[in-house]
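Okay, here's what each chain looks like letter by letter:
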Amino acid sequence: MLGRERMLEIAGKALDYSTADQTQVTLTIGESSLTRFANSMIHQNVSERNAEFAVRAVVGNKIGYAVTNKLDDQSLKSVVQKAIDFARHSAENPDFVSLPAPKPIKEVNTYDACTAGYSPEDRASMVGRIIEEGRKRGAVAAGQLSTGYREYAVMNSLGVAAYNSRTQADVTTVMNAGSGYGYADDTALRMSDIDPLRAAIEAAETAVKGRDPEPIEPGEYDVVLMPYAVGELVEFLGYLGLGALAVQEGRSFMKFGERITGENITIWDDALDPRGLPRPFDAEGVPAQRVDMIVNGVATAVVYDSYTAMKEGKESTGHATGGTGTYGPMPMNMFMQPGDASIDDMIDMTKKGILVTRFHYTNVIHPVLTVITGMTRDGTFLIENGKVTKPLRNLRFTDSVLERLSHVEMISRETRRLGMVVAPAIKARSFRFTGVTEF
Amino acid sequence: MKEYTERALDRIRRLGASYGDIRIVKNMAESLEVKNGKVEELAASVDEGFGIRVIVDGAWGFASSLDISLEEIDRIAEMAVRIARASALVEHEPVKLSPVEPAEGRFVAEVEKDPWEVPIEEKIALLMDADRIMRQIPEIKVAESTMSFWRTETTFASTEGSYIEQVKTESGAGIEATAVRDGEVQKRSYPASFGGDYAALGYEFVESWDLVGNAERVAREAAALLEAPQCPSDVRTLILEGSMLALQVHESCGHPIELDRVFGTEASYAGTSFLTPEKLGNFRYGSEIVNIVADATVAGGLGSFEYDDEGVPAQCVDIVAEGIFCGYLTSRETAAKLGLRSGGAMRADGWNRIPLIRMTNINLLPGDWTLEEMIEDTKKGIYAEMVGSWSIDDKRLNFQFATEVAYDIQDGSLGEMYKNPTYTGITYEFWGSCDAIAGEDEWHLWGVPNCAKGQPVQMMHVGHGVAPARFQNVRIGVMETAEEDE
């Protein structure tokens, strides 16, 4: 760990070396390690120490960007010069107004020394226990356990000087019991806040229940979507249309002030909420604001970075995604409002339907209609008369996310913290399954 | 570099590794994007470091660092060995590697026009011209023109005596016009979607595509799609254009033949494969005219090299011969499990990632038709062009692709344009229905620079040589039913 002072000192060199009208620098330094297992053995076990020093130089309203992972003074000077050269040779961008001015940033504790120091032996030992939980239940384990830390500093020539240190721990496990498969994951800023063994047990039990799946005809079925599946739908909404750039380019589904989902759907972004994976500021050093995006089904707001905000005379909400900013701002800490049902209640209330643990390989077919396709995976079950009766072979779905969120009948109290979303389970009507596979 | 590689190999031997290698990699990249008349991206990057991979107590360990110094090499070698010993704490089968002859040499893939020698103004001017022409069509709300260049210098050395240096340059470019009206969004791209086409060639490759000369057509087609009817839902004959077929090969052939995936080592990410070892040599993957090879030796391919990242020489491996599945993409470890020698498909995305089995150039060999003859020979069908989206199940059986555009075929002639086309099927049934493949003249080696695999994820540059091909009885157009209720 270099610490705030040293990180800002290194990052600040870019500002010292730069002759551009405005300059922004982001410095990331960190270590990450990942232990991967399959067939109940560790087969890949890796560690990395890396850095990134990225400079955005502004000359007039022309912008250049250059990045290096070499932190000696000569490399830093040369990357600053490259960004300036690119800016000088670039074309005018009349939409660019300025880099953001500094704003107070709320301190958030996102670093945990135990997680940063989690050793190869610790990871191997925990993986051994995950494998054992599978073995006890007759399941073969695959997955990964990763831990790491990063220090992140953002500075610009207008006075932004933001620093954050952060740890993260993730576990993923896919269990296989003959022809049955199960999945679970967990992620947090602290290793002590994830429960790899609970994930192992959940995945193994799903796999065991999923043995000998039977085919079912594709068609429209009521569904109980577990949080992993719901999280993926919400992530797609974020990616497709909850950023200002998508709205400005006319490719977003957001019709402000209009109802776009059922009244029971509320989705917001809050990067400071500890129930998610907090981050105090964005890739431009702008403090993250809570943004209520869909409120009781009504399209309310999208997230901004400084470029898209200044284009509309607004303030950035602190959602810049970094790099050259080409992808535009994105909500990265989304929450879907939980309901008051339990997952058992949802199953009880389903006459005939399909329980989906998670989706696989989802992709967009029509962005404005939010039509996506994908497969079910790692635990698909038939529900009949309020009971889970048998495992099913995986199905392909092709459906509109907004359409399905307009037909949600029940939402669970329980939520799961996934990568970018904290999501509940839902029960929805008439989900469109369009194909079936052989397992 | 020898000072560093020898230090690493000496260190890991002393620490008790039965095998070890080090890769020192320097990657330079440059990317440009012009969007709606503005330079949205003008970026350069330099990324450098080393990774050490070892086998200790029959288990793998890998550690890597950005700091190429003797002290850091000592530290990382120790870390790699410590990690391998930790891997070995969990019950495992000891890793065995198939043999490979040690190799030495320096291999520089020369290009005609070094992209780093072409002035940045010239590149921007080309993209600006294409952008301006696309935006002359009023319906075009987003015009994007992009170029990317990479240069990778790799030094590989192993405890078995290999010392190999390779330098590779890659280039790519493309344009995309998005038309928007009344909530409808449609796009067309050239020469392929998602950034265009890529090759292990210089700037001459970018110039060869004539982006400016195609800009108006691309924009007009995107605008025309706004008016086009929805592609019907039906079971029909389907003819696929090359770049779409390249992705079909990628998803339904390239991934399921990765032998590490077959053995389950990708189960926790994108999944496994239906092409299990008992099918090798006897499973009918496609019709008799379907011949597929994994060829790392073809000039200019994104999946071409002299040696893979285990020091195994580049090869051309038969994958499907006259429709029968007959080969895998392999590594030294996986090949040994089948009693084979490695086919040389281990590739790493940079110094900080371990090599995994990756596609080289997975090529569908040409047939003896022309695209024109295929269309003339089709009574009722669909001709579909360029990738819209893709999805396939976790054993690579059930797939669904969307294309940017389709055209009706009636009685041997191309007719009406359709929007939102999709097609779906089961891999071996689909390839089993292939009854025509165009010939050498229409065969092109496409570059795909964004193939994702592994945890932590690695993006690989791979190639697919294909010519347009025809498939019978394909389920077309599930989108129609999804849109009806909007």
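Residues numbered from 1 in each chain as written. Chains lettered and ligands numbered in written order. Predicted model: local features only at pLDDT ≥ 70, side-chain atom pairs only at ≥ 80, totals over all residues.

With respect to the overall build of chain A
Looking only at helices and strands, chain A has 10 helices and 17 strands in total. Computed over its C-alpha atoms, the radius of gyration of chain A comes to 23 Å, within 12% of the 22 Å expected for a compact globule of 439 residues. Seen through its principal axes, chain A has C-alpha atoms that stretch 70 × 55 × 35 Å. The buried share among the 439 residues of chain A stands at 60%. Long-range contacts, defined as pairs at least 24 residues apart, comprise 72% of the intrachain contacts of chain A with a sequence gap of at least 6. (Helix = DSSP H or I, 4+ residues; strand = E, 2+ residues; numbered from the N terminus. Rg over C-alpha atoms; globule rule 2.2 N^0.38 Å. Buried ≥ 20, exposed ≤ 12 C-beta atoms within 10 Å, placed from the backbone. Contact = placed C-beta atoms within 7 Å.)

Let's talk about the nonpolar core
Of all hydrophobic cores here, the largest spans 300 residues; its most connected members are A:Ala83, A:Met175, A:Leu225, B:Ile52, B:Ala80, B:Ala84 and B:Met134. Residues in contact with B:Ala84, not counting those within four places in the same chain, are B:Val54, B:Ile55, B:Val56, B:Asp57, B:Ala59, B:Trp60 and B:Gly61. (Core = buried A, V, L, I, M, F, W, Y, C linked by C-beta atoms within 7 Å.)

Quick word on the pairing of strand E3 (residues 59-65) of chain B
Most of E3(B) sits inside the fold, with 7 of its 7 residues counted as buried. The alternating pattern of E3(B) places B:Ala59, B:Gly61, B:Ala63 and B:Ser65 on one face and B:Trp60, B:Phe62 and B:Ser64 on the opposite face, and all of these are buried. Bridge count between strand E2 (residues 41-59) of chain A and E3(B): 4 bridges; the pairing is parallel. Its bridge partner being in E3(B), A:Ser47 is matched across the sheet by B:Ala63. Bridge count for strand E2 (residues 38-56) of chain B against E3(B) is 7 bridges, and the pairing is antiparallel. Of the residues in E3(B), the one forming a bridge with B:Gly51 is B:Ser64. Linking E2(B) to E3(B), which pair antiparallel, is a turn of 2 residues; within it B:Asp57 sits at a positive phi near 55 degrees. (Pairing = 2+ DSSP bridges.)

Describing the domain arrangement of chain A
Residues and elements named next belong to chain A. Split by domain assignment, chain A resolves into domain 1 (3-202) and domain 2 (213-439). Distance from the C-alpha centre of domain 1 to the C-alpha centre of domain 2: 24 Å. Facing the 29 residues of domain 1 at the interface are 28 residues of domain 2. Among the elements that make up the side of domain 1 that touches domain 2, the one with the highest residue count is strand E6 (residues 180-188) (6 residues). Among the residues forming the side of domain 1 that touches domain 2, the class breakdown is 16 nonpolar, 10 polar and 3 charged. (Domains from an automatic or database assignment. Nonpolar A, V, L, I, M, F, W, Y, C, P; charged D, E, K, R; others polar.)

As for the interface of chain A and chain B
Facing 76 residues of chain A, the contacting portion of chain B comprises 69 residues. In terms of residue count, E2(A) provides more of the side of chain A that touches chain B than any other element does, 11 residues in total. Across the side of chain A that touches chain B, the residue classes break down as 26 nonpolar, 34 polar and 16 charged.

Describing the pairing of strand E19 (residues 422-426) of chain B
All names here are of chain B. For E19, a buried count of 4 out of 5 residues is recorded, marking the element as mostly surrounded by other parts of the structure. Here strand E17 (residues 398-410) pairs with E19 via 5 bridges, running antiparallel. Among the inter-strand pairings, glutamine 400 is bridged to a residue of E19, identified as threonine 424. Bridging between E19 and strand E23 (residues 469-476) involves 2 bridges; their strand directions are antiparallel. Looking across to E23, one finds that threonine 424 is bridged to arginine 475.

Some words on the packing of helix H1 (residues 2-14) of chain B against helix H2 (residues 70-87) of chain B
All names here are of chain B. Look at H1 against H2: their axes get within 9 Å of each other, and the N-to-C directions meet at 35 degrees. As H1 runs across H2, the sense of the crossing is right-handed. The residues of H2 that touch H1, namely those facing Tyr4, Arg7, Ala8, Arg11 and Ile12, are Leu70, Ile73, Asp74, Ala77, Ala80 and Val81. Among the residues forming the contact of H1 with H2, the class breakdown is 8 nonpolar, no polar and 3 charged. (Axes fitted to C-alpha atoms, helices over the stretch in contact; angles between N-to-C directions. Left-handed = near helix turned anticlockwise from the far one by under 90°.)

Describing the domain arrangement of chain B
All names here are of chain B. What the domain assignment reports for chain B is domain 1 (2-227) and domain 2 (234-484). Relative placement of domain 1 and domain 2: their C-alpha centres are 21 Å apart. Tallying the contact residues gives 42 residues for domain 1 and 34 residues for domain 2. Looking at the side of domain 1 that touches domain 2, the elements that each hand over two or more residues are strand E1 (19-35), E2, E3, strand E5 (140-158), strand E6 (163-181), strand E7 (184-190), strand E8 (197-199) and helix H5 (211-227). The class makeup of the residues in the side of domain 1 that touches domain 2 is 20 nonpolar, 12 polar and 10 charged.

Considerations on helix H4 (residues 120-136) of chain A
Counting along an α-helix, one turn takes 3.6 residues, and residues three or four places apart therefore face a common direction. With 17 residues, H4(A) should reach 24 Å at 1.5 Å per residue; the first-to-last C-alpha distance of 24 Å fits that figure. Listed as buried for H4(A) are A:Pro120, A:Arg123, A:Ala124, A:Met126, A:Val127, A:Ile130, A:Ile131, A:Glu133 and A:Gly134. Among the structural elements, strand E1 (22-38), E2, strand E4 (140-156), strand E5 (161-177) and helix H5 (196-209) of chain A together with H2 of chain B are those in contact with the buried residues of H4(A). Note on H4(A): the residue one or two positions beyond its end, A:Gly138, has a positive phi of about 80 degrees. (Expected span 1.5 Å × (residues − 1).)

A few points about H5(B)
Residue and element names in this part refer to chain B. Given a rise of 1.5 Å per residue, 17 residues ought to cover 24 Å, and the 25 Å separating the end C-alpha atoms of H5 matches this to within 8%. Where H5 is concerned, the buried positions are Leu211, Ala215, Val218, Ala219, Glu221, Ala222 and Leu225. Buried positions along H5 lie against helix H3 (120-134), E5, E6, E7, E17 and strand E18 (413-418).

Considering unusual backbone geometry
Omega for the peptide link from B:Tyr190 to B:Pro191 comes to -5 degrees, which places this bond in the cis form. The residue B:Pro191 is located in the loop between E7 and E8 in this model. Looking along the chain, the bond that leaves B:Gln455 and enters B:Pro456 is cis, with omega of -5 degrees. Looking at the secondary structure, you find B:Pro456 in the loop between strand E21 (444-453) and strand E22 (458-466). Positive phi, normally seen in glycine, also occurs at A:Ser40, with a value near 60 degrees. Along the chain, A:Ser40 falls in the loop between E1 and E2. One non-glycine residue, A:Asp212, lies in the positive phi region at around 55 degrees.

Quick notes on the sheet that holds strand E15 (residues 362-364) of chain B
All names here are of chain B. Read from one edge to the other, the open sheet built from 4 strands follows the order E12-E11-E10-E15, with strand pairing classed as antiparallel. The open sheet terminates on both sides in strands that have one partner only, identified here as strand E12 (324-325) and E15. Across 3 bridges, the pairing between strand E10 (residues 292-295) and E15 is antiparallel. Note that in E15 the partner of isoleucine 292 across the bridge is leucine 364. In the packing of helix H6 (residues 242-254) onto the sheet, contacts are made with E10, strand E11 (316-321) and E15, and the angle to E15 comes to roughly 115 degrees.

Considerations on the confidence of the model for chain B
In low-pLDDT segments, the atomic positions of the prediction should not be examined closely. Residue and element names in this part refer to chain B. The pLDDT averaged across chain B works out to 96; a share of 98% of its residues lies at or above 70. Low confidence marks residues 482-486, where pLDDT is under 50. Its contacts with residues over four positions away, or in another chain, come to 12 contacts. Both scores are available for the predicted complex, with the pTM at 0.97 and the ipTM at 0.96. (pLDDT = per-residue confidence, 0-100.)

Describing the environment of A:Ile216
All names here are of chain A. Relative to the helices and strands, isoleucine 216 resides in the loop between H5 and strand E7 (219-225). For the pair isoleucine 216 and arginine 393, spaced 177 residues apart in sequence, the C-alpha separation works out to 7.3 Å. In this view, isoleucine 216 contacts Leu382, Leu392 and Val436; residues no more than four positions away in its chain are not counted.

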